[in-house]
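Topology and contacts: notes
Spelled out, the chains give:
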Amino acid sequence: MEPGVEELMPRLLPVDDCDLAEDFDPTVPPRTPQEYLKRVQIEAARCPDVVVAQIDPKKLRKKQTVNISISGCQPAPEGYSPTLKWQQQQVANFSAVRQSLNKHRNHWRSQHLDSNVTMPKSEDEEGWKKFCLGEKVYSEIEALSDNENLGIDYIKVGFPPLLSIVSRMNQATVTSVLEYLISWFGEKKFTPELGRWLYALLACLEKPLLPEAHSLIRQLARRCSEVRVLEENKNEEQISALNLIICLVSRYFDQRDLADEPS
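Residue indices follow the written sequence of each chain, beginning from 1 at its first position. In keeping with the predicted nature of the model, local features appear solely for residues at pLDDT of at least 70, side-chain atom pairs appear and are counted solely at 80 or more, and the whole-chain, interface and lining totals rest on all residues. Side-chain numbers come from the whole structure's heavy atoms, not from hydrogens or water.

1. Thoughts on the packing of helix α3 (residues 84–109) against helix α8 (residues 192–204)
To get an axis, fit a line to the C-alpha atoms, keeping to the stretch in contact for a helix; angles then go from 0 to 180 degrees between the N-to-C directions. A run of H or I in DSSP becomes a helix once it reaches four residues, and a run of E becomes a strand once it reaches two; helices and strands are each numbered from the N terminus. Close contact between α3 and α8 brings their axes to 9 Å; oriented N to C, the two are set at 65°. Viewed along their axes, α3 and α8 form a crossing whose handedness is right-handed. Residues Phe 94, Val 97, Arg 98 and Leu 101 of α3 form the contact with α8, whose participating residues are Tyr 199, Leu 202, Ala 203 and Cys 204. Polar here means any residue other than Ala, Val, Leu, Ile, Met, Phe, Trp, Tyr, Cys and Pro, which are nonpolar, and Asp, Glu, Lys and Arg, which are charged; Gly is therefore polar. Within the contact of α3 with α8, the residues separate by chemical class into seven nonpolar, no polar and one charged. Whether a crossing is left-handed or right-handed is set by the direction in which the near helix is turned from the far one by less than a right angle, anticlockwise for left-handed and clockwise for right-handed. The criterion used for residue contact is that any of the two residues' heavy atoms lie within 4.5 Å.

In structure tokens, the structure reads:
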């Protein structure tokens, strides 16, 4: 260490040069207080003035910057805004689902998964998209061939959010998978497979919300309102599903500025 640097770092205790035995070896554990202090002095002198950390960029989490929009949801198309009674009923049903899930979580977590179910690791974004949505939706394949219609191939059509699956997901995994699916939804169309998983993940999301989860569900509600407006054929089943997600985000998770005005 440079002498000038030492002057900027006043000593807390005075330490004079120690009288040490001729056989003093700084590489072995100290035997006396004097040897310990001398070893500290030697190690301090070897420390570089500047240290640079070696960071592996691959280990940095993607999308660490969160862009938060303060805008609300777009109004529902004329004639498709849900009534207040309908919204209140959906919130009540959702609350009952969450209570049941919390009550029986340990039971479902202990159930064995089928041999064909391999849950991806929490950080495996593409793996989770394929797991939840299936290769058919993930790869945007229009239809399955005839020989594949003989039985359900969950690799192709996606695994449903079974209680035995979602009960095994901790909050970090729930938030991560929710982020993956919302990111996918930002550029793709709404599908029943996506809707089922979004509902299940919201049911697993613990309150009070962490800041990251808070931002994610607001982003989800706004995206649902955008897709709802752009829905050309006004498919009532799909609009109802989009209304449901907006309703749960705004009224159950208390994001009231995003709520639909009752029709």
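Next comes the rest of the account.
2. Describing α8
Given 3.6 residues to a turn, an α-helix orients residues that are three or four positions apart in the same direction. Here α8 spans 19 Å end to end across 13 residues, near enough to the 18 Å set by a 1.5 Å rise per residue. Partly exposed residues are those whose accessible area sits between 20% and 50% of the maximum for their type, while under 20% is buried and over 50% is exposed, using a 1.4 Å probe and protein chains only. Buried within α8 are the following residues: Glu 193, Leu 194, Gly 195, Trp 197, Leu 198, Ala 200, Leu 201, Leu 202, Ala 203 and Cys 204. Multiply 1.5 Å by the residue count of a helix minus one, and that product is the helix's expected span.

3. Quick look at the nonpolar core
What we call a nonpolar core is a set of buried Ala, Val, Leu, Ile, Met, Phe, Trp, Tyr and Cys residues that are connected through their side-chain atoms within 4.5 Å. Counting 49 residues, the largest nonpolar core has Leu 181, Trp 197 and Leu 198 as its most contacted members. Only α3, α4 (125–138), α6 (163–166), α7 (171–185), α8, α9 (211–230) and α10 (236–252) provide two or more residues apiece to this core. Residue contacts for Trp 197: discarding those within four places in its chain leaves Trp 128, Phe 131, Cys 132, Phe 159, Pro 160, Pro 161, Ile 165, Val 166, Met 169 and Leu 181.

4. Some remarks on the pattern of salt bridges
By convention in these notes, a salt bridge is any Lys or Arg side-chain nitrogen within 4 Å of a carboxyl oxygen on Asp or Glu. Per the counting criterion, the structure on display carries eight salt bridges. We note a salt bridge from Lys 207 to Asp 254, for which the minimum N-O separation is 3.7 Å. A residue pair is termed long-range when its members are at least 10 positions apart, and Lys 207 in the loop between α8 and α9 and Asp 254 in the segment after α10 qualify at 47 residues. The class of Lys 207 is partly exposed, set by a relative accessible area of 40%. Here the salt bridges do not stand alone but share partners, grouping Glu 125, Glu 126 and Lys 129 into one network.

5. A word on unusual backbone geometry
Excluding glycine, a negative phi dihedral is what most residues carry, and trans is how most peptide bonds are arranged. For the bond from Lys 207 to Pro 208, the omega torsion is 0°, close enough to zero to count as cis. Mapped onto the secondary structure, Pro 208 falls in the loop between α8 and α9. One non-glycine residue, Asp 254, adopts positive backbone phi at about 60°. Overall, Asp 254 belongs to the partly exposed group, its relative accessible area being 48%.

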